[in-house]
Amino acid sequence: MNSLYLTRARIVTPHSVLEDAALAVKDGLIAAINPDSMPAGAREIDLDGRLLMPGLIDLHCDALEKEIEPRPGVHFPLDFAIANADRRNAIAGITTVFHALSFANAELGVRNNAFAAEIARAVHDAHDDLLVDNRVHCRYEVTDPEAPALLLKLLEQDTIHLLSFMDHTPGQGQFKNETAYRDYLVRTYQKSAMEIDRLLADKRAAGEGAEVRMRLLAERAHAMGVQVASHDDDTPEKVALVHALGATLSEFPINLETARAARERGMATIFGAPNILRGKSQSGSMRALDAVLEGVADCLCADFAPATMLPALMQLPDQTGLSLPRAIALASLNPARAAGLHDRGAIEQGLRADLIAVRMQNGLPRIEGVWCAGAPRLAAKGLGQA
């Protein structure tokens, strides 16, 4: 692989921003920061004062489901949808994305076992032909007794890179009452009252045995080096339960008390970048901004909108007083550590050269260069040909 020499950059390291700095890249890795001289044979790229940051790492984004099924029952070919999602992530500066795929029997469109498994395998098979590092985050609806056998098989095939437990039974988590859940199904999936009645009855009946299934999946996931998350934790008691079952990440904790309980148990917390950008939760849960202000937010994810990641991060220093390196770490170094990806997440010697070049324009960050393992994926005019 050709060597790179990126000059006149404002390099965002884990601890500071280095002004008028240079970075050497060789064989896909960061070789040196501010080397004494340009490496022999390296291709020089003048960043002309742009910020140079680690590529963003998104642990949870279900936007691929909408690429595949933009409207209920309307499906695009998987190869087309995956390639389109890949380009959207590259343009957003996301160099590692965990596509969140829901395994929930036959509940909601693509959110059923057979279709979700097909998508997971398609992402896995397309990996080497895509722009960025596309991975699979399997979301298991714990009231589904049929999915574990399929998920265990996908784990054995090394197709799953993150596993999470979710429970959308009304009365806890995201849906605080049955009315909220019914409204969601009608609005999003056009379900009839009779269909919702049947779905709820099946979900409640299948809740028995959930803890046994969760423990089995968590144990196998950890044996395969796959981290386990819990979704929409709403009480410290729920945190204690999922932690005992093997979860090491808490996605979208509902309130401050629960987020604190997760961190006290050593779990990494994940909040949504759209929540930061909009200033509120779509479901009435705690604001992600408040989680950052209270010091209980470890990671930000795209949730459903990859384009929100970088703008949300860039406004945090003004909103919270965080330094830029600490803000950027919420979507780079912190998620890398949470997911066990110790080869990336920061601009440090020896790590993967997953990099983005950013220029502020009219108050918004503009991605003008993307490199994934040192390979150019996107370049603005005047930055050098990708």
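Scroll up for the structure.
In this text, all values refer to a predicted model and were calculated from it rather than measured experimentally. (Residues numbered from 1 in each chain as written. Predicted model: local features only at pLDDT ≥ 70, side-chain atom pairs only at ≥ 80, totals over all residues. Heavy atoms only, no water.)

Asker: Would you mind going over the pattern of salt bridges with me for this structure?
Answerer: A side chain with one charge may pair with a side chain of the opposite charge, provided their charged atoms come close. Counted by the stated rule, this structure contains 18 salt bridges. Between Arg10 and Glu19 there is a salt bridge whose closest N-O contact spans 3.0 Å. On the basis of relative accessible area, Arg10 is assigned to the partly exposed category, the value being 30%. One salt bridge in this structure joins Arg88 and Glu67, with 2.3 Å as the shortest N-O distance. Taken together, the positions of Arg88 in helix α2 (residues 78-91) and Glu67 in helix α1 (residues 63-68) put the pair 21 residues apart, joining distant regions of the chain. Exposure remark for Arg88: the relative accessible area of 47% places this residue in the partly exposed category. (Salt bridge = Lys/Arg side-chain N within 4 Å of Asp/Glu carboxyl O. Buried < 20%, exposed > 50% of the residue type's maximum accessible area, 1.4 Å probe, protein only. Helix = DSSP H or I, 4+ residues; strand = E, 2+ residues; numbered from the N terminus.)

Asker: How should I be thinking about the nonpolar core in this particular structure?
Answerer: Soluble globular proteins: nonpolar side chains tend toward being buried together. Core analysis: the biggest nonpolar cluster contains 42 residues, and Leu64, Phe103, Ile119, Leu151, Leu163 and Phe165 have the highest contact counts within it. Of all the elements, helix α3 (residues 113-126) adds the most residues to this core, at seven residues. In this view, Leu151 contacts Phe103, Cys138, Tyr140, Ile160, Leu163 and Leu217; residues no more than four positions away in its chain are not counted. With 40 residues, the next largest nonpolar core counts Val97, Ala291, Leu322 and Val370 among its residues. (Core = buried A, V, L, I, M, F, W, Y, C linked by side-chain atoms within 4.5 Å. Contact = heavy atoms within 4.5 Å.)

Asker: When you look at α3 in this model, what are you seeing that I'm missing?
Answerer: Each α-helix winds once per 3.6 residues, and so residues spaced three or four apart point in a common direction. With 14 residues, α3 ought to run about 20 Å at 1.5 Å a step, and its terminal C-alpha atoms sit 20 Å apart, in line with that. All buried positions along α3 are accounted for by Asn113, Phe115, Ala116, Ala117, Ile119, Ala120, Ala122 and Val123. Summarising the contacts, the buried residues of α3 are in contact with α1, α2, β7 (94-103), β9 (111-112), β10 (133-141) and α4 (147-156). For α3, the N-terminal capping position is held by Asn112, with its side-chain oxygen 3.3 Å away from the main-chain nitrogen of Ala114. (Expected span 1.5 Å × (residues − 1). Polar contact = N/O pair within 3.5 Å; in protein donor to acceptor, adjacent residues only side chain to side chain.)

Keep in mind these numbers describe shape, not what the thing actually does.
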